[in-house]
Amino acid sequence: MGDDMKQYGDKNKVSGVLSYDYGDDYIVVTFKRGGTYKYTYESAGASHIDRMKFLADNGDGLNTYINKYVKRSYSEKIN
């Protein structure tokens, strides 16, 4: 995490997501308004994490998905 974070594509240029990184069973998301959160299979469910990884790589829909389905289901706030 940290320096390995990928800049979020943000195809529509309106997302609240700044960057992200992920591993086999988690995704870490940094938001433009501050805060970096880790979501895991255990905290949010495998199907949500896998969908979030897809959206992150696609650069579209991640912020909306998080707000709709997993907003408070993070395992930790990193900063």
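Above this note sits the structure.
None of these values were measured; they are calculated from a predicted model.

Let's shift gears to the sheet that holds strand β2 (residues 17-23). With antiparallel pairing, five strands are arranged side by side in an open sheet as β1-β2-β3-β4-β5. Two strands in the sheet have a free side with no partner beyond their single neighbour: β1 (6-7) and β5 (76-77). Bridging between strand β4 (residues 36-40) and β5 involves two bridges; their strand directions are antiparallel. Bridging across to β5, K38 finds its partner in E76. Strand contacts of helix α2 (residues 46-58): β2, β3 (26-31) and β4, with the helix running at about 50° to β3, the strand carrying the most contacts.

A few words now on α2. Helix length check: α2, at 13 residues, gives a terminal C-alpha distance of 18 Å against a target of 18 Å (1.5 Å per residue), a fit within 8%. Of the positions making up α2, those classed as buried are I49, M52, K53, L55 and A56. Considered in projection along α2, the buried side chains sweep an arc of 170° and stay on one side of the axis. The inward-facing, buried residues of α2 contact β2, β3, β4, α1 (41-44) and α3 (62-70). Immediately downstream of α2, the backbone of G59 shows phi near 75°, a positive value.

With that out of the way, let us pick up the layout of surface pockets. Empty pockets left among the atoms are what a rolling probe the size of a water molecule brings to light. By volume, the largest pocket is sized at about 160 Å³. What lines the largest pocket is F31, R33, G34, Y37, Y39, N63, I66, N67, K71, R72 and Y74. When residues of the lining of the largest pocket are traced back to their parent elements, those giving at least two are β4 and α3. With three residues, the top contributor of residues to the lining of the largest pocket is α3. Residue composition of the lining of the largest pocket, grouped by class: five nonpolar, three polar and three charged.

With that out of the way, let us pick up the environment of V14. Its location among the elements puts V14 in the loop between β1 and β2. Under the relative-accessibility criterion, V14 is labelled exposed at 69%. Along the sequence, V14 and N63 sit 49 residues apart, while their C-alpha atoms lie 9.5 Å from each other.

Analysis parameters
Residues numbered from 1 in each chain as written. Predicted model: local features only at pLDDT ≥ 70, side-chain atom pairs only at ≥ 80, totals over all residues. Heavy atoms only, no water. Pairing = 2+ DSSP bridges. Helix = DSSP H or I, 4+ residues; strand = E, 2+ residues; numbered from the N terminus. Contact = heavy atoms within 4.5 Å. Axes fitted to C-alpha atoms, helices over the stretch in contact; angles between N-to-C directions. Expected span 1.5 Å × (residues − 1). Buried < 20%, exposed > 50% of the residue type's maximum accessible area, 1.4 Å probe, protein only. Arc of directions from axis to C-beta. 1 Å grid on protein atoms, 1.4 Å probe; cavity = no way out; pocket = protein on both sides within 12 Å on 5 of 7 lines; lining within 4 Å. Points joined across faces, edges and corners; volume = space filled by probe spheres on them. Nonpolar A, V, L, I, M, F, W, Y, C, P; charged D, E, K, R; others polar.

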